[in-house]
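Inside the fold
One letter stands for each residue in the lines below.
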Amino acid sequence: MKDQVDRLLEEINSFTAETTEQVESFRLKFLSKKGLVPAMFAEMRNVPVNEKKEAGQLLNNLKNRANERFEELKTLAETKLAGPGKKEDLTRPVGFSDAGTRHPISIVRNEIVDIFQRIGYTVSEGPEIEDDWHNFTALNFPIEHPARDMQDTFFIETSPDIALRTHTSSVQIREMEKSKPPIRKIFPGRVFRNEAISARAHCIFHQVEGLYIDEGVSFADLKQSLYYFATELFGENTKLRFRPSYFPFTEPSAEMDISCFICGGKGCKICKNSGWVEILGCGMVDPNVLENCNIDSEKYTGFAFGMGIERITMLKYQIDDIRLFFENDIRFIRQFTGAV
Ligand code: DAH
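Being a predicted model, the structure only gives us computed values, none of them experimental. (Residues numbered from 1 in each chain as written. Predicted model: local features only at pLDDT ≥ 70, side-chain atom pairs only at ≥ 80, totals over all residues. Heavy atoms only, no water.)

1. A look at the sheet that holds strand E2 (residues 129-131)
- Spatially, three strands are ordered E2-E4-E3 in an open sheet, and the strand pairing comes out antiparallel. Looking along the sheet, the strands with just one partner apiece sit at the ends: E2 and strand E3 (155-157). Each strand axis lies, on average, 35° off the axis of its neighbour in the sheet, ignoring direction.
- For E3 and strand E4 (residues 162-164), the ladder comprises two bridges, and the chain directions are antiparallel. Directly across from glutamate 157, in E4, lies its bridge partner isoleucine 162. (Pairing = 2+ DSSP bridges. Helix = DSSP H or I, 4+ residues; strand = E, 2+ residues; numbered from the N terminus. Axes fitted to C-alpha atoms, helices over the stretch in contact; angles between N-to-C directions.)

2. Looking at the domain arrangement of the protein
- For the protein, the assigned domains read domain 1 (2-82) and domain 2 (104-333).
- Relative placement of domain 1 and domain 2: their C-alpha centres are 74 Å apart. (Domains from an automatic or database assignment.)

3. Side note on the site of the ligand
- As a matter of local geometry, the ligand sits amid 15 residues, with His167, Ser169, Arg193, Gln207 and Glu209 nearest to it.
- Interatomic distance of 3.2 Å between a side-chain N/O atom of glutamine 172 and an oxygen atom of the ligand.
- Glutamate 209 is positioned such that a nitrogen or oxygen atom in its side chain is 2.6 Å from an oxygen atom of the ligand.
- The fraction of the free accessible surface of the ligand (360 Å²) that becomes covered by protein chains is 88%. (Near = heavy atom within 4 Å. Polar contact = N/O pair within 3.5 Å; in protein donor to acceptor, adjacent residues only side chain to side chain. Areas by Shrake-Rupley, 256 points an atom, 1.4 Å probe, with all protein chains shown as cover.)

4. Some words on the pattern of salt bridges
- A full pass over the atoms with the stated rule returns 21 salt bridges.
- Across the pair glutamate 232 and arginine 118 runs a salt bridge, and its minimum N-O distance is 2.5 Å. A residue pair is termed long-range when its members are at least 10 positions apart, and glutamate 232 in helix H8 (residues 219-234) and arginine 118 in the loop between helix H5 (104-117) and strand E1 (122-123) qualify at 114 residues.
- Here arginine 118 falls in the partly exposed class, since its relative accessible area comes to 48%. (Salt bridge = Lys/Arg side-chain N within 4 Å of Asp/Glu carboxyl O. Buried < 20%, exposed > 50% of the residue type's maximum accessible area, 1.4 Å probe, protein only.)

5. Notes on the packing of aromatic side chains
- Under the definition given, this model contains 17 aromatic pairs.
- For the pair phenylalanine 26 and phenylalanine 30, a centre-to-centre distance of 4.8 Å together with 45° between the ring planes defines the contact as tilted. In this pair, phenylalanine 26 and phenylalanine 30 both sit in helix H2 (residues 20-31), four residues apart, roughly one turn of the helix.
- With a relative accessible area of 0%, phenylalanine 26 lands in the buried category.
- Accessibility expressed as a relative area gives 0% for phenylalanine 30, which makes it buried.
- Cluster of aromatic residues (ring-pair linked, three or more members): Phe116, Tyr121, Tyr212, Phe229, Phe303 and Phe305. (Phe/Tyr/Trp six-rings, centres within 6.5 Å; stacked < 30°, edge-to-face > 60°.)

Written out as structure tokens, the structure is:
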């Protein structure tokens, strides 16, 4: 047995490998289940009892050496592969890394902005961290309104209250405070709500707010402007439906539905068989809000509206999980390239 082990050791020590295939053939020859080393262990059966101890030691040495040599050969082959002959040309120009694409939320936001710009709206933005006045009080929210609650709003500081804005309506106030009518503006931006994250809701999302203030602006103007918007975004056969609603900052207030652009109003999964999908809130700016911003509510009237960009994007592209927008998986985002 000793002779056999010695011969094997010699073979193991003189084995060389320059490629990973040769390393693998070493493993197969000596170490694999059917290899020569395990075969030697099988021989133990035939060794007389009084020699077993010595033979065991020999075999363990053999096994250890074979494993050691295997590791040596691996390193050897790796350095050979990266060796002088195969060195990278360091002067070669680098390949371009994959360029990203526009995010679907940006695509739809740009589309909405574009539609309103065509009828004379300009764009402004406001801060994401807001005080109580701009987010709630100036917008006519009663002190005890539930939206002010910790459960809905992320407060950063209390007394005085500073919070992450819960809607882009706050930018209306900033705009009316600093400019005189006529005002015709849209305010896209990110908003925050203290919501449990699910397929339908997220604590971060995006809105576009609209505001039009001038002399003699009526609910008919609101309907016509939003009709124009909806047909531009969803197609010329889109029908509108206004449902009475309540927002503290508008009176009267409404929610606007569009006829389902998937089934054309017949009823499907997207519109939950109703034929209609809700896309925005709107109304005539409450005189209290105008007065809060030092705009004469006897002279001026106006309308406002606000919509969620995620919601519109989900409807438009039939996306059923809002969380996809925030994961930034390039395979998801790529699908919308050039979708405008
Ligand atoms: N701020 C409202 C929201 O976040 C949306 C909204 C509704 C905005 C009616 C408006 C409006 O300007 O008139 O749910």
